[in-house]
Amino acid sequence: MNKIKSFFSSYFSLHGDTASQDELYNRLVNGAALRGTNMCVLILAILIASIGLNMNSTAVIIGAMLISPLMGSIMAMAYGVASGDLHILKKYSVGFMFQIILSLLTSTLYFSITPINNSTSELLARITPTIWDVLIAIFGGLAGIIGMTRKEKSNIIPGVAIATALMPPLCTAGYGLATHQWRYFFGAFYLFILNSYFICTSSIIILLILNVSKHTIEKNKSHKSVLRKSIILTILLIIPSIFVSINMVRNANITGFEEKASSELQQLGKEAQIIFPQITGISYGDTISYSEDNVTSQVKIIITVDKELDSADRKSLTDWMNLRYDNLDAVEIVLDNNN
């Protein structure tokens with residue numbers, strides 16, 4: 001058991017190359033200034049991201065995510081929580097809210113004056129958050145804070161900024177405000193909150209593991225209350241994304257079934273026309289039914305023929321179809337009106 005523990009410690013320990021407490025403070029707190037250069041860069045990043053969304057350019061959006069300073073505020077808030085420093089937490093929480101407001105105002109202004117106001121695919125991609133977005137934010141946050149806490153500062157943060165995508169949802173929310181499309185606003189803003197919250201939570205966990213606290217955090221009632229409220233908030237944030245994910249899976253299953261069934265039908269039609277030359281076409285009737293609990297296939301094949309078939313031929317054709325197609329619920333044979 002000790003050997004196994006030693007093996008995992010040697011390969012996966014986060015303590016071996018951790019930066020000093022002072023270095024962590026400088027990177028996570030002092031490096032997240034809320035005025036001057038960072039605020040100017042934030043406005044420019046918002047404008048770049050808005051243009052990228054407006055022109056449906058993925059490359060431009062990625063560029064905006066790389067220069068966005070929003071990640072710094074989230075990391076600073078995580079440090080404030082993990083270290084028990086309420087002053088840092090309050091300062092950067094207020095600053096983060098100011099950054100959000102400034103970003104929304106900037107993107108709303110842009111989308112209010114741009115002559116192109118159609119919904120691009122890049123905009124549409126930001127309005128339906130799912131549980132997979134939560135997972136990306138968690139894993140991205142873990143990777144980001146691990147990279148930030150090493151002695152040698154890594155280049156992980158740019159990748160995390162791209163993966164977790166904080167900037168585009170804010171700009172999409174601004175688009176929703178500018179065009180009075182509240183589905184866009186609430187969906188995109190929810191995605192932004194999800195990403196921000198779970199990046200912060202992941203960062204807090206790693207910082208607690210690394211014992212960054214300069215202040216003693218007593219496990220009193222207030223801290224237990226904070227923990228309890230955090231768990232409740234986490235559950236409340238995740239629930240809507242789970243429902244969206246369920247609907248997405250259902251739609252994916254339906255689409256996948258229809259594609260598979262269409263391919264099978266084409267092959268079946270070729271074989272049927274060899275055996276039954278009277279057939280001029282094969283198509284589906286009602287193919288899918290779904291309830292709240294599951295998705296089921298109800299396949300009805302409609303066969304068109306160039307002349308009426310007698311009862312024996314009809315039975316022969318129906319039996320052959322049922323034999324060849326396991327999921328078949330009904331066969332309808334109709335006369336081709338073009339003949």
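Heads up: the structure comes first, above all this text.
The following paragraphs examine the structure supplied in this document.

Analysis parameters
- Residues numbered from 1 in each chain as written.
- Predicted model: local features only at pLDDT ≥ 70, side-chain atom pairs only at ≥ 80, totals over all residues.
- Heavy atoms only, no water.
- Axes fitted to C-alpha atoms, helices over the stretch in contact; angles between N-to-C directions.
- Helix = DSSP H or I, 4+ residues; strand = E, 2+ residues; numbered from the N terminus.
- Parallel < 35°, antiparallel > 145°, perpendicular 65-115°, else oblique.
- Left-handed = near helix turned anticlockwise from the far one by under 90°.
- Contact = heavy atoms within 4.5 Å.
- Nonpolar A, V, L, I, M, F, W, Y, C, P; charged D, E, K, R; others polar.
- Phe/Tyr/Trp six-rings, centres within 6.5 Å; stacked < 30°, edge-to-face > 60°.
- Buried < 20%, exposed > 50% of the residue type's maximum accessible area, 1.4 Å probe, protein only.
- Patch = residues over 30% accessible without salt bridge, like charges linked within 9 Å, V, L, I, M, F, W, Y side chains within 5 Å.
- Areas by Shrake-Rupley, 256 points an atom, 1.4 Å probe, with all protein chains shown as cover.
- Salt bridge = Lys/Arg side-chain N within 4 Å of Asp/Glu carboxyl O.

### Considering the packing of helix α3 (residues 37–54) against helix α4 (residues 58–67)
Packing of α3 against α4 brings their axes to within 8 Å, and their N-to-C directions diverge by 165°. As summarised for this structure, α3 and α4 are arranged roughly antiparallel, according to the angle between their axes. Between α3 and α4 lies a crossing whose hand is left-handed. When α3 is examined against α4, the residues Val41, Ala45, Ile48, Ala49, Gly52 and Leu53 are found in contact with a partner set consisting of Val60, Ile61, Ala64 and Ile67. For the contact of α3 with α4, the residue count by class is nine nonpolar, one polar and no charged.

### Here we look at the packing of aromatic side chains
All told, the structure shown has ten aromatic pairs when counted by the stated rule. An angle of 90° between the planes, with centres 6.3 Å apart, marks the rings of Trp182 and Phe185 as edge-to-face. Taken together, the positions of Trp182 and Phe185, both in helix α11 (residues 182–209) and three residues apart, correspond to about one turn of that helix. Look at Trp182 and you get partly exposed, because its relative accessible area is 43%. Of the aromatic side chains, those joined through ring pairs into one cluster are Phe96, Trp182, Phe185, Phe186, Phe189 and Phe192.

### What about a nonpolar patch on the surface?
Side chains of Ile43, Leu44, Leu47, Ile48, Val60, Leu66, Ile67 and Ile162 sit close together on the surface and give an oily, nonpolar patch of about 560 Å² of accessible area. Going through the elements one at a time, α3 and α4 are the ones with two or more residues in the nonpolar patch. Among the elements that line the nonpolar patch, the one with the most residues is α3, at four residues. One can find Ile67 in helix α4.

These results come straight from atomic positions and should not be treated as a statement about function.
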